[in-house]
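Structural description and commentary
In case you want the letters, here they are:
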Amino acid sequence: MVHTNLKLIERDGEGVDPAFRDDVLKGMAQRQKAIPARWFYDLAGSELFERITALPEYYPTRAETALLERHGQDIARLVGPGRAVVEFGSGSSVKTPLLLREISPAAYVPIDISGEFLRQSSEALAQAFPTLPVMPVEADFMKTVELPAAVKAFGMLGFFPGSTIGNLVPRTAVDLLRSMRETLGDRAQLLIGVDRVKDIDRLVRAYDDTQGITARFNLNLLLRINRELGADIPVEQFRHVARWNPDWSRIEMHLEATRDVSFSISGCSFAMLVGETIHTENSHKYTPDQARLILQASGWTPNAQWTDADGDFLLVLCEA
Ligand code: AVI
């Protein structure tokens, strides 16, 4: 059953999350304009992301799902029963049943910034696992999250699939992993998915698919800004760009102006020259050694890891 004491994200009098407005105005005032990727995920963005995960070019979801299916029993043996599973950035929780089915948890706490999406996916999960207490928390998991009191008695298993850690620069990734450790407490474990470095053409194709779904996902951010922040960005004069940055070992997504444009957001004026971009996402790719190193640097001890035959994806189980 779903316990619906959702902790709601702060909104101002106009129903806008002030953190969204601050991030956009601050990011758009920089020389390299940039907006944090977490703002992709309004309802439309979350739905587009689900479509991305099914694209032929987007291998990470399939690779990670196959690893969970294949090694679920090993994971269950190392985790043990009766833990509270806390999923960070649960989205539609599609991989979660694979894990829950194997490990017999005491409770499931999905944490997500997109409240509406969280409500829908919690309902679906509670139907699939009728005896499991599901306790959704609407929160920005980049900060330490106050977990529902009812789960604090259990040992915790943090679940952070999807290689979302790759969306953070390594310094911020370490901050997040440390704060997860704080959220989860001393005896916690963490199961995390990490996307591995691979052929660059394949990586670029995964972020610039032929159906244009990733382009829509990226451009949806501008539609959201227009709608929620009273802006008039000419969305049709931007295009989606995905490129590999070898210095940072990451795919970058940008929104590039296809002509000189000017617009306003929340009463502030901005101008961009043709070719200028807004940097909207980083997706860092790690070698297994690098992945273990950032975990260790964050106070987590890797205990076991699983990867696929093609070396596409890595699952790591760690202990606090
Ligand atoms: C959520 N995150 C791990 C995805 C990624 O692969 O970086 C987001 C994404 N952006 C474009 N495609 C998928």
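Residues numbered from 1 in each chain as written. Predicted model: local features only at pLDDT ≥ 70, side-chain atom pairs only at ≥ 80, totals over all residues. Heavy atoms only, no water.

An unreviewed UniProt entry annotates the protein as Dimethylhistidine N-methyltransferase of Sphingobium lignivorans.

What surrounds the ligand is a group of 14 residues, the closest being Y58, N167, Y207, E281 and S283. Y58 places a polar side-chain atom, nitrogen or oxygen, 2.4 Å from an oxygen atom of the ligand. Between the ligand and S283 there is a distance of 2.6 Å, counted from an oxygen atom to a side-chain nitrogen or oxygen. Considered on its own, the ligand offers 340 Å² of accessible surface; in the complex 97% of this is hidden by protein. Of all the secondary structure elements, the ones that give two or more residues to the shell around the ligand are helix 2 (43–53), helix 8 (213–228) and strand 11 (277–284). Among the residues forming the shell around the ligand, the class breakdown is 7 nonpolar, 6 polar and 1 charged. (Near = heavy atom within 4 Å. Polar contact = N/O pair within 3.5 Å; in protein donor to acceptor, adjacent residues only side chain to side chain. Areas by Shrake-Rupley, 256 points an atom, 1.4 Å probe, with all protein chains shown as cover. Helix = DSSP H or I, 4+ residues; strand = E, 2+ residues; numbered from the N terminus. Nonpolar A, V, L, I, M, F, W, Y, C, P; charged D, E, K, R; others polar.)

We now examine empty space enclosed by the protein. According to the stated counting rule, one finds 1 cavity of 30 Å³ or more in the structure shown. By volume, the largest cavity is sized at about 30 Å³. Lining the largest cavity, in full, are I165, L177, I192, V194, Y286, A291, I294 and L295. If you list the elements that add at least two residues to the lining of the largest cavity, you get strand 6 (189–195) and helix 9 (288–297). Top contributing element to the lining of the largest cavity by residue count: helix 9, with 3 residues. Considered class by class, the residues forming the lining of the largest cavity number 8 nonpolar, no polar and no charged. (1 Å grid on protein atoms, 1.4 Å probe; cavity = no way out; pocket = protein on both sides within 12 Å on 5 of 7 lines; lining within 4 Å. Points joined across faces, edges and corners; volume = space filled by probe spheres on them.)

Next up on the list: the packing of helix 2 against helix 5 (residues 115–128). Two elements in contact, helix 2 and helix 5, have axes separated by 8 Å at closest approach and are oriented at 55°. Compared by their axis directions, helix 2 and helix 5 come out oblique. For the pair formed by helix 2 and helix 5, the contact residues are L43, S46, E47 and E50 on the first element and E116, F117 and Q120 on the second. (Axes fitted to C-alpha atoms, helices over the stretch in contact; angles between N-to-C directions. Parallel < 35°, antiparallel > 145°, perpendicular 65-115°, else oblique. Contact = heavy atoms within 4.5 Å.)

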